[in-house]
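Inside the fold
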Amino acid sequence: MGGLSDMLSSLSKEQSNAKEISVALPLLEGLKENPKYTGHSIPIRPPMDLGAGNLSEILQKSCFREAKHGKVKIYFLDSPVFSKLRSIYANPEEHFRFAIFSYACFFLSLHLEVDLVHAHDWHSALVCALHKNASRGLPTVFTIHNLAYQGDHPLWMTGFLKEIPFELFPESYQHNGKVNYLKAALQTANQITTVSPGYRDETLTEPNGFGLSYMLNKRKLDYSGILNGIDREEWNPEIDPNLFANYNPENLSAGKQKNKESLYEWIGRPWIPKDRPLIGLIGRLTYQKGYATFLQAFKERTHLPFYFIFLGAGEESLENELFHLSHHQMDRIYFYKGYHEEFARRIEAASDFFMMPSLFEPCGLNQFYSQAYGSIPIVSRVGGLRDTVFESPLEHEFTGIVFEPGDVGSLGYALERSYTLYKDSPKLQRLQKKIMLIDSSWRQRITKYDAVYEKALQSKL
Ligand code: ADP
């Protein structure tokens, strides 16, 4: 669910064509599909002495259960601290849960004798610190998916870290008086990556470094931006079973029209006329995603004959505003609150355009999904969006429409340009077909991770 899991599953699937890949994940109650267990389970035997306390008690009650997904081996951490959770995010005491997870992953990587550990985001950041400080420590690569989330917790909440020999968690892992898991990884990983070159550069200065730009600057030579890829077998409108009608670049126009009409019926909005342009929006309703800018422009540009379908959940104030608009402007906008993957795919297939007004965006995935489904992305010029969407007057260079982040006038003008494009139907179709053919798969990007892995292995020698 969300960008990190999409990235991790598509990356490991592609990597498993050439390497042996093992992925460690917490086992949650709310898993969508039952894992294909192989029958192996691995009890956790701490590779270093832990004090007697909560942490070691829970580790003793936890184990890894092996499963297989294609060629990828998955190790689910079956632990009392995760087993009752239905979602991985926004649970109380997550600093404790993810210290357990990191410690368990540290143990697993030694047990499996892997060559290298690749940790993602603050949740597994302590793995890098544990390897750096262990006598048999392995090389590590740490990937930042979003610097806004650092796993920082007040000192008084993290006393349990003392159970792990305390010299492993020096004061330098603290930031602004808090223990900061992500900062620990920035100091100890052999290589650091983030999910686009644009975001890498932005995070080297404040405010985009969220206070840690100085640390990233120290590690500048070991810090690279590698653009995320997508799984084109998973995201292909020709075979996607969730769509009302499958289509390809050759029958795109008829396919989109069919998806549009069926979607309007499905959501109970018999919008007429049906030939108006549709803009889709999907995402977490948080400050980062810039929907406040969009809503302001939406209210100002009432003369533009767009329909909007919005799917998302998050901050209550945004949800309430969207409910209100969806109720009072039923002829223009529809809002559904929730996380709904089938709906998300149907929106991508039906939309003529897809809006991403982010204020910052490490990579973003929906611009790739939109392009694959022939829906023109309208995006703000930030992070990974500015690396992947180019508004050029030359058709062969055009991959979407771009405006300035947080700028209501600029977003409104982008809507005007989108409508002008919509009215030029032959051009719209040419561009939609063209963007469907962009190769956003991992195939050509994967070698960049290979190079980073090589550097990490070399630096550990
Ligand atoms: P982030 O990871 O910051 O949330 P990304 O664009 O990188 O943003 O990835 C989010 C992924 O989750 C996208 O594929 C998006 O379509 C999907 N997503 C977000 N919210 C929803 C939702 N409410 N229903 C279905 N899919 C969603």
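What counts, and at which threshold
- Residues numbered from 1 in each chain as written.
- Predicted model: local features only at pLDDT ≥ 70, side-chain atom pairs only at ≥ 80, totals over all residues.
- Heavy atoms only, no water.
- Pairing = 2+ DSSP bridges.
- Helix = DSSP H or I, 4+ residues; strand = E, 2+ residues; numbered from the N terminus.
- Axes fitted to C-alpha atoms, helices over the stretch in contact; angles between N-to-C directions.
- Contact = heavy atoms within 4.5 Å.
- Polar contact = N/O pair within 3.5 Å; in protein donor to acceptor, adjacent residues only side chain to side chain.
- Near = heavy atom within 4 Å.
- Areas by Shrake-Rupley, 256 points an atom, 1.4 Å probe, with all protein chains shown as cover.
- Phe/Tyr/Trp six-rings, centres within 6.5 Å; stacked < 30°, edge-to-face > 60°.
- Buried < 20%, exposed > 50% of the residue type's maximum accessible area, 1.4 Å probe, protein only.
- Lys NZ or Arg CZ within 6 Å of the ring centre and 35° of its normal.
- Domains from an automatic or database assignment.
- Buried area = accessible area lost by both parts, 1.4 Å probe.
- Salt bridge = Lys/Arg side-chain N within 4 Å of Asp/Glu carboxyl O.
- Nonpolar A, V, L, I, M, F, W, Y, C, P; charged D, E, K, R; others polar.
- Core = buried A, V, L, I, M, F, W, Y, C linked by side-chain atoms within 4.5 Å.

Let us look at the sheet that holds strand β15 (residues 353-356). With parallel pairing, 6 strands are arranged side by side in an open sheet as β14-β13-β12-β15-β16-β17. Here the strands that pair on one side only, and so sit at the sheet edges, are β14 (333-337) and β17 (401-403). Between one strand and the next, the sheet's axes are offset by a mean angle of 20°, whatever the strand orientation. Across 5 bridges, the pairing between strand β13 (residues 307-314) and β14 is parallel. Paired with isoleucine 309 across the strands is tyrosine 334, a residue of β14. Here helix α14 (residues 408-423) sits on the sheet in contact with β12 (278-285), β15, β16 (376-380) and β17, set at roughly 165° to β17.

Another aspect to go through is the side chain of serine 351. Structurally, the position occupied by serine 351 is in the loop between α11 (341-350) and β15. In terms of polar contacts, serine 351 uses its side chain to reach the backbone amide nitrogen of glycine 280, at 3.4 Å.

The next subject is the site of the ligand. Taken together, 17 residues lie around the ligand, and Arg284, Lys289, Gly338, His340 and Asn366 are the ones closest in. One nitrogen or oxygen atom from the main chain of leucine 365 is found 3.2 Å from an oxygen atom belonging to the ligand. In the complex, the protein chains occlude 89% of the 560 Å² of accessible area that the ligand would expose alone. Mapped onto the shell around the ligand, the elements with two or more residues apiece are α1 (3-15), β12, β13 and α12 (366-372). Looking at the shell around the ligand element by element, the count peaks at 3 residues for β12.

Our next topic: the packing of aromatic side chains. A full pass over the atoms with the stated rule returns 30 aromatic pairs. Measuring from ring centre to ring centre gives 5.1 Å for tyrosine 264 and tryptophan 271, while their planes differ by 75°; the resulting arrangement is edge-to-face. On the basis of relative accessible area, tyrosine 264 is assigned to the buried category, the value being 1%. Put simply, the rings of Tyr291, Phe294, Phe298, Phe306, Phe308, Phe310, Phe323, Phe335, Phe353 and Tyr419 touch in pairs and so form one group of aromatic residues. Positioned over the ring face of tryptophan 235 is arginine 345, at 3.9 Å from the centre of the ring. Above the plane of the ring of tryptophan 266 lies arginine 346, whose end atom (NZ or CZ) is 4.4 Å from the centre.

Another point: the domain arrangement of the protein. Under the domain assignment, the protein is made up of domain 1 (3-228 + 443-459) and domain 2 (251-440). Here domain 1 and domain 2 have C-alpha centroids that lie 33 Å from each other. Each side of the interface is counted separately: domain 1 has 18 residues, and domain 2 has 18 residues. Of the roughly 1400 Å² buried between domain 1 and domain 2 on both sides combined, carbon and sulfur atoms contribute 51%. Our count for the domain 1 to domain 2 interface comes out at 1 salt bridge. Residue arginine 386 is joined to glutamate 202 by a salt bridge in which the shortest nitrogen-to-oxygen separation is 3.1 Å. Counting the contacts that link domain 1 with domain 2 gives 11 residue pairs in polar contact (both at pLDDT 80 or more). Looking at the side of domain 1 that touches domain 2, the elements that each hand over two or more residues are α1 and α6 (197-203). Residue composition of the side of domain 1 that touches domain 2, grouped by class: 7 nonpolar, 7 polar and 4 charged.

Turning our eyes to something else, we now look at the sheet that holds strand β11 (residues 223-225). Either a parallel or an antiparallel arrangement is found when strands of a sheet pair, and the pairing is made through backbone hydrogen bonds. Sheet architecture is open: 4 strands sit in the order β5-β6-β10-β11, paired in parallel fashion. Looking at strand neighbours, the two that pair on one side only are β5 (117-120) and β11, the edges of this open sheet. When the angles between neighbouring strand axes are averaged without regard to direction, this sheet yields 25°. Where β5 and strand β6 (residues 140-144) come together, 4 bridges link them in parallel fashion. Paired with alanine 119 across the bridge in β6 is phenylalanine 142.

Okay, the nonpolar core next. One finds Leu55, Phe142, Leu161, Ile164, Tyr181 and Leu186 to be the most contacted residues of the largest nonpolar core, which totals 60 residues. Elements with a minimum of two residues in this core: α2 (54-60), β4 (72-78), α3 (94-112), β5, α4 (126-133), β6, α5 (181-188) and α7 (213-218). With 32 residues, the next largest nonpolar core counts Phe306, Phe398, Phe403 and Leu428 among its residues.

Turning to the environment of leucine 110, a few remarks are in order. Mapped onto the elements of the fold, leucine 110 is located in helix α3. Through-space distance from the C-alpha of leucine 110 to that of leucine 138 is 7.8 Å; in sequence the pair is 28 residues apart.

This paragraph deals with the pattern of salt bridges. For the structure shown, the criterion picks out 22 salt bridges. For arginine 430, the salt bridge goes to glutamate 395, with nearest N and O atoms at 2.7 Å. A residue pair is termed long-range when its members are at least 10 positions apart, and arginine 430 in helix α15 (residues 425-436) and glutamate 395 in the loop between α13 (383-388) and β17 qualify at 35 residues. In the salt-bridge network here, residues are joined through shared partners; they are Glu234, Asp240, Glu341 and Arg345.

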